[in-house]
Amino acid sequence: MKRNILLVACTLFLFSVSDIMAQRTERLLKSWRFTHDDKKENAQTDCDDSQWQNVCVPHDWAISGPFDAAIDKQIVAIEQNGEKEATEKTGRSGALPWIGTGWYRTTAEVSPAAERVVLNFDGAMAEPEVYVNGKKAGEWKYGYSAFNIDITDYINRKGSSNTIAVRLQNIEESSRWYPGAGLYRPVTLIETGRTAISQWGVNVKTLCLNDNGTVSAQLSADIDNSEGKMLQVEFDVQTDSRQRTVFTAAVGKNGDATMVETFGRVIPWSPERPRLYNITATLYDVSSVERKVLDRVVRRVGFRTVKCSAERGFELNGESRKIQGVCLHHDLGMLGAAVNKAALIRQIKLLKTMGCDAIRTAHNMPSQMQMDVCDSLGMMVMAESFDMWLYPKCKNGYARFFSEWADRDIRNLVLANRLHPSLVMWSVGNEIPEQWSAEGAKILRHLQDEVRKYDDTLPITNGMDKIAAALKSGFAQVADVPGMNYRTHLYQMAYEGLGHGYVLGSETASTVSSRGVYKFPVKRMDNHAYSDGQCSSYDTEACWWANIPEDDWLLQDEKPWVIGEFVWTGFDYLGEPTPYDEYWPSRSSYFGIFDLAGLPKDRYYLYRSRWNNKSETIHLLPHWNWQGREGEVTPVYCYTNYPSAELFINGKSQGRRTKRTDVKSVAGKDGRITDITDPAIDRYRLRWNDVVYEPGEVKVVCYDEAGNVAGESYMRTADKPVALRMTTDELLPQDRELCADGDDMVFLTVCAVDKNGVFCPVAQDEVTVTVKGAAVFRGICNGDATSLEVFTQPKMKLFNGKLVIGIQAKDVPGKAVVTVKARGMKSAKYEIDVKAAD
């Protein structure tokens, strides 16, 4: 091993002239043609695809709809919902046309100097078969798994272009939610020399963060086709703007180069300070006097340690913290499953405004784009793998492939993601039916062993929803971190029955609500369905197996061994429209803290009042436009991080309320809040349950712990809507600027206002969108789970006064103008600068 420290002034001399011999190139394959016509000749080079649809990958073939109840109509009993008898279900997987077969074709030239050519798919939905120049080069099964296909033996060596074709199929009842369809994640063509650094071969393990600011880490690189060669790997770690440290190690007989070193000064990665560093791994042939560069890769890394213990709970970088997380499905609302960096950035930034510090990729493997965003913005990740093992939760789900493919999928999950500092935990399953059997414990142990083959630094968990059975079978005892899905009344039993000394809420709450919808009288209800297909935003309704947020918070506050939670869910998602599985039209979930458009529901402010202690939260609900309810009781809630507040209706005091910090447990007999009068609710919310509605102004004045006025908030009854207003996200003020890369997006919120500029919370007017200049319309969404309006047409009705538009940059710079109109209202315009990509 050789070690050198070089200052930036010397970096021009870091690498020898032989650098020019490095052969690696990586390029995204974006432009494809697509068809549903399933013919064998689609794979052939002479196939006439001139009439196929031109698409840009990432692409979801189903998101343009139309919605149709017949697409995923099923006669099933949803066991996860406790059902015993089969009934007709609609919308369970989004009611979009994802079922069927699709073909993609593109052409690519390969350098004559390339000795090895690999296609990297970050995911393909589903069961992809890959053909190159008419021959089958490989296949995969799991639509969420990243995978590589070596196509070296199939490419043309005479400089002509190569035809790449991919066949995908989605069969009915293969998913419990909307999976998307097609090449929905990036496809990358990688060219290297024959001997090269493996895809996902570079790894950095943080062993210790030292008191003097240095880090002790294991650096490693796996090498392909290293047999019979004298090779070295040089690791160049740039730990700050002035210093780079270089380590050199020989490649061993097993094809890897590994060393443990101490270097730095480094700033540990955390959600509050997500510091990243560059590491360059260069592979040399040292069989002659002058080293020859064979390959080079550059990766972004961060340094952090993760530990769970009975004494200190969950620790990041040696500091205890309770996880404030949410579960996320992979779809992006109006974009469907097609991954987009700007949309992911928006999601993560919105969650961080709430104080959220972690996501669980439920129930699927994350995209690399999502992981990169979490690395750079500071969001911890639990990377999940499977929703089922051998026992099928849906007739044609992953259970068909588990026995043959699970080990390969686990390998790819870990290798593709272990370098990401945002990753803090692995999950090898969600609510697996085998949890109640000895066989399940055996499978769990095997999967954990597979994870540890490739990463032994992070804890492993799974989400259990049958804890009594899992304790009896021995399943619950196997995982590093016992993950509890709901069943708050069984947390104590899990804690006492296990020797871990801690429990994680791997999936919590499942409170349901529709943005801007309020039902009277206000009640605490489970699985209640209304005639309009909506749920009340008083945040007192949940699924029968679940609870409202306060149940989880009481446990976390009163039981130090509860190490945090992942709320179901951060955003609404397509499919699983519980409690409306048998209602049409309903085609997306109600669980989200944000709706499907990314607009905050009232529940956002409830979680923010608990999680975000750096920003003031004062939020009133419901809205104050209740024509016809004059004189009727209309409870008012305030979500705030202040301890007390006084409410005024048109200047008249309704009394002062103080949070009930003296309440330590719920009043419900089954260990959860079951009645609206339970004082446990008042520990976290301020409620005025006897307010009588009269139009006008609602004002709340909040007080700090010393009794001083700390803040106030208002809401007013709106007049009829007369104008549209268009802005960026109200929680995320953004620059009016996009990058001219063909991918960058901005999301604009459109709302109706009255003559005084007051938001109109009951407006349902249809809005039309036009975009001119250097950007295009990409999608639209209003957050209404019962709407059958498609996302890809530039018109949609407001849902309770709001909707969101997605605008995407073209690949040429210029200006773009977005205009929205509605009949009888003043239109609104928004100008965007689209600037040249760097």
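Residues numbered from 1 in each chain as written. Predicted model: local features only at pLDDT ≥ 70, side-chain atom pairs only at ≥ 80, totals over all residues. Heavy atoms only, no water.

**Focus: the side chain of Glu-315**
Reasoning step 1: As for its placement among the helices and strands, Glu-315 is situated in strand β22 (residues 313–316).
Reasoning step 2: Side chain to side chain, Glu-315 and Arg-312 meet in a polar contact 2.9 Å long.
Reasoning step 3: Excluding residues within four positions of it along the chain, Glu-315 makes contact with Thr-305, Val-306, Lys-307, Ser-309 and Ser-320. (Helix = DSSP H or I, 4+ residues; strand = E, 2+ residues; numbered from the N terminus. Polar contact = N/O pair within 3.5 Å; in protein donor to acceptor, adjacent residues only side chain to side chain. Contact = heavy atoms within 4.5 Å.)

**Here we look at the packing of aromatic side chains**
Reasoning step 1: With the rule as written, the count across this model stands at 39 aromatic pairs.
Reasoning step 2: Between Trp-568 and Tyr-573, the aromatic rings sit 5.8 Å apart at their centres with planes inclined by 80 degrees, giving edge-to-face as the arrangement. An identical accessibility class is assigned to Trp-568 and Tyr-573; each is buried.
Reasoning step 3: Grouping aromatic residues by their ring pairs yields a cluster made of Tyr-142, Tyr-144, Phe-386, Trp-389, Tyr-398, Phe-402 and Phe-475.
Reasoning step 4: If you follow Arg-291 out to its NZ or CZ, it ends over the ring of Tyr-284, 3.8 Å from the centre.
Reasoning step 5: Directly above the aromatic system of Phe-648 lies the positively charged group of Lys-699, at a separation of 6.0 Å from the ring centroid. (Phe/Tyr/Trp six-rings, centres within 6.5 Å; stacked < 30°, edge-to-face > 60°. Buried < 20%, exposed > 50% of the residue type's maximum accessible area, 1.4 Å probe, protein only. Lys NZ or Arg CZ within 6 Å of the ring centre and 35° of its normal.)

**Describing helix α2 (residues 368–377)**
Reasoning step 1: Those residues of α2 not exposed but buried are Gln-368, Gln-370, Met-371, Val-373, Cys-374 and Asp-375.
Reasoning step 2: Tucked into the core, α2 has its buried residues touching β24 (323–328), α1 (341–353), β25 (358–361), β26 (380–384), α3 (402–417) and β27 (423–430).
Reasoning step 3: Looking one or two residues beyond α2, the residue adopting positive phi is Gly-378, at roughly 90 degrees.

**Examining the pairing of strand β20 (residues 292–301)**
For a regular strand, the rule is simple: side chains alternate between the two faces of the sheet.
Reasoning step 1: Two strands pair when backbone bridges link them, and strand β19 (residues 277–285) and β20 are joined in this way by nine bridges, in the antiparallel orientation. Following the sheet pairing, Asn-278 is matched in β20 by Arg-300. (Pairing = 2+ DSSP bridges.)

**Here we look at the side chain of Thr-106**
Reasoning step 1: Note on placement: Thr-106 falls in strand β7 (residues 100–108).
Reasoning step 2: Overall, the relative accessible area of 10% leaves Thr-106 in the buried class.
Reasoning step 3: A distance of 2.7 Å separates a polar side-chain atom of Thr-106 from the backbone oxygen of Ser-31.
Reasoning step 4: If we skip the residues at most four places from it in the chain, Thr-106 touches Leu-29, Ser-31, Trp-32, Asn-162, Thr-163 and Ile-164.

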